[in-house]
Amino acid sequence: MGKTYERIDGRLRTFIESQPLFFTATAPLGADGTVNLSPKGLTGSFTVLDERTVAYLDFAGSNAETIAHLRENGRITLMWCAFQGPPNIVRVHGRGEPVFRDDPRFPELVARFPDIDTASHGLRAVIVVTAELIRDTCGYAVPFMAYEEDRELHGKRFAREDDASLDAYFTKKEHIAASLDGLPGLPLPLPPSTV
């Protein structure tokens, strides 16, 4: 029913890269902390860096729970479901790190996402995840659903922002600089983009 993999390659990599949607799950260390589960999409915003490392672009939004949890403890799980074709669920359990705009690695990482206009989405960070456990399961109960296209709303909303207005937007939001549980979130003021 389930299989453990040593690497993200071959059929497994093809499956992951062909999914238009994946989910991230993180949590703080505190027993009473808020568990976060987020859907991620936008064509071109995910990449496999090597056989044990993946990355995705973290764009502007109304909170920064994933960033806050990763800064505190690094734990993250990514999950992909087959909504079309043969049933399958893949989970990558690992350690994640937000690479922020002022990090020297940032331009090189962003270059690994050539198929998306990062400027129009308010790019905050690149989330890099190193796999510790890679597993698939049957996915028999996952329904068939058809992917039509990416929504244009995110790009339209944030394309009109520059670094200063984006920083002002983040500063006004209650859960950007700190998580729901008060953990440090996105470092503000937002550094200028180096890409």
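If you're wondering where the values come from, they're calculated on a predicted model, not measured in any experiment.

Cut-off values and rules
Residues numbered from 1 in each chain as written. Predicted model: local features only at pLDDT ≥ 70, side-chain atom pairs only at ≥ 80, totals over all residues. Heavy atoms only, no water. Helix = DSSP H or I, 4+ residues; strand = E, 2+ residues; numbered from the N terminus. Rg over C-alpha atoms; globule rule 2.2 N^0.38 Å. Buried < 20%, exposed > 50% of the residue type's maximum accessible area, 1.4 Å probe, protein only. Areas by Shrake-Rupley, 256 points an atom, 1.4 Å probe, with all protein chains shown as cover. Lys, Arg positive; Asp, Glu negative; His and termini not counted. Charge placed at Lys NZ, Arg CZ, Asp CG, Glu CD. Phe/Tyr/Trp six-rings, centres within 6.5 Å; stacked < 30°, edge-to-face > 60°. Lys NZ or Arg CZ within 6 Å of the ring centre and 35° of its normal. Pairing = 2+ DSSP bridges. Disulfide = S-S within 2.5 Å. Core = buried A, V, L, I, M, F, W, Y, C linked by side-chain atoms within 4.5 Å. Contact = heavy atoms within 4.5 Å. Polar contact = N/O pair within 3.5 Å; in protein donor to acceptor, adjacent residues only side chain to side chain.

> It is not clear to me how the overall build of the protein should be interpreted in this structure. Could you clarify?
Looking only at helices and strands, one finds 5 helices and 8 strands in the protein. Written out in order from the N terminus, the α and β elements of the protein read β-α-β-β-β-β-α-β-β-α-β-α-α. Since a compact globule built from 195 residues should have a radius of gyration of about 16 Å, the 17 Å found for the protein is in line with a globular shape. In terms of overall dimensions, the protein has a C-alpha envelope of 50 × 40 × 30 Å along the principal axes. The buried share of the protein, reckoned over its 195 residues, is 46%. For the protein, the exposed area adds up to about 10,300 Å²; of that, 54% sits on carbon and sulfur atoms. Computed over 21 positive and 27 negative side-chain charges, the separation of the two mean positions in the protein equals 3 Å.

> Would you explain the packing of aromatic side chains in this entry?
The description of an aromatic ring pair rests on the distance of the ring centres and on the angle between the ring planes. For the coordinates displayed, the defined rule picks out 6 aromatic pairs. An aromatic cluster is built from F22, F46, Y56 and W80, whose rings are joined through pairwise contacts. One cation-aromatic arrangement involves R157 over F158; the distance from NZ or CZ to the ring centre is 4.6 Å. R157 extends its terminal NZ or CZ atom over the ring of Y169, reaching a point 4.9 Å from the ring centre.

> Mind showing me how you'd approach the pairing of strand β2 (residues 22–26) here?
Consecutive side chains along a regular strand alternate between the two faces of the sheet. Buried residues dominate β2, accounting for 4 of its 5 residues. Note that β2 and strand β3 (residues 36–40) share 5 bridges and pair antiparallel. Bridging from a neighbouring strand, F22 pairs with K40 of β3.

> What should I look at first to understand unusual backbone geometry in this one?
Comment: phi is negative for the bulk of residues other than glycine, and the bulk of peptide bonds are trans. Geometrically, the link from L188 to P189 is a cis peptide bond, its omega value of 5° lying close to zero. With respect to the helices, strands and loops of the structure, P189 is situated in the segment after α5 (163–172). Phi is positive for L42, close to 70°, though the residue is something other than glycine. Relative to the helices and strands, L42 is located in the loop between β3 and β4 (46–50). By relative accessible area, L42 is classed as partly exposed at 22%.

> Explanation requested: the environment of C138 in the structure shown.
Positionally, C138 belongs in the loop between β8 (123–137) and α4 (153–158). Through-space distance from the C-alpha of C138 to that of E108 is 36 Å; in sequence the pair is 30 residues apart.

> How should I be thinking about the state of the cysteines in this particular structure?
A covalent bond between the sulfur atoms of two cysteines is what we call a disulfide. Tallied over the entire structure, the rule returns 0 disulfides. The thiol sulfur of C138 is not disulfide-bonded, and the nearest other cysteine sulfur, from C81, lies at 11 Å. A relative accessible area of 25% places C138 in the partly exposed class.

> Is there a simple way to explain the nonpolar core in this structure?
As a rule of thumb, nonpolar side chains are buried together in soluble globular proteins. Judged by nonpolar contacts, the single largest core of 33 residues is most densely connected at I16, F46, L78, W80, F170 and L186. Examining the composition of this core, we find that 5 residues originate from one element, β8, more than from any other. Apart from residues lying up to four places away in sequence, L78 is in contact with F22, F23, T24, V54, Y56, V90, R91, V92 and V129.

> In this structure, what is going on with the side chain of R101? I would like to understand it.
Relative to the helices and strands, R101 resides in the loop between β7 (89–100) and α3 (106–110). Using a relative accessible area of 3% as the deciding quantity, one classes R101 as buried. Within the structure, R101 has its side chain in polar contact with the backbone oxygen of L123 (distance 2.9 Å). Within the structure, the side chain of R101 is placed 2.9 Å from the backbone oxygen of P191, a separation counted as a polar contact. Residues contacting R101, with those up to four places away along its chain left out, are F106, L123, R124, D163, L166, L190, P191, P192, S193 and T194.

Take it as geometry only, folks, not as evidence of what the structure does.
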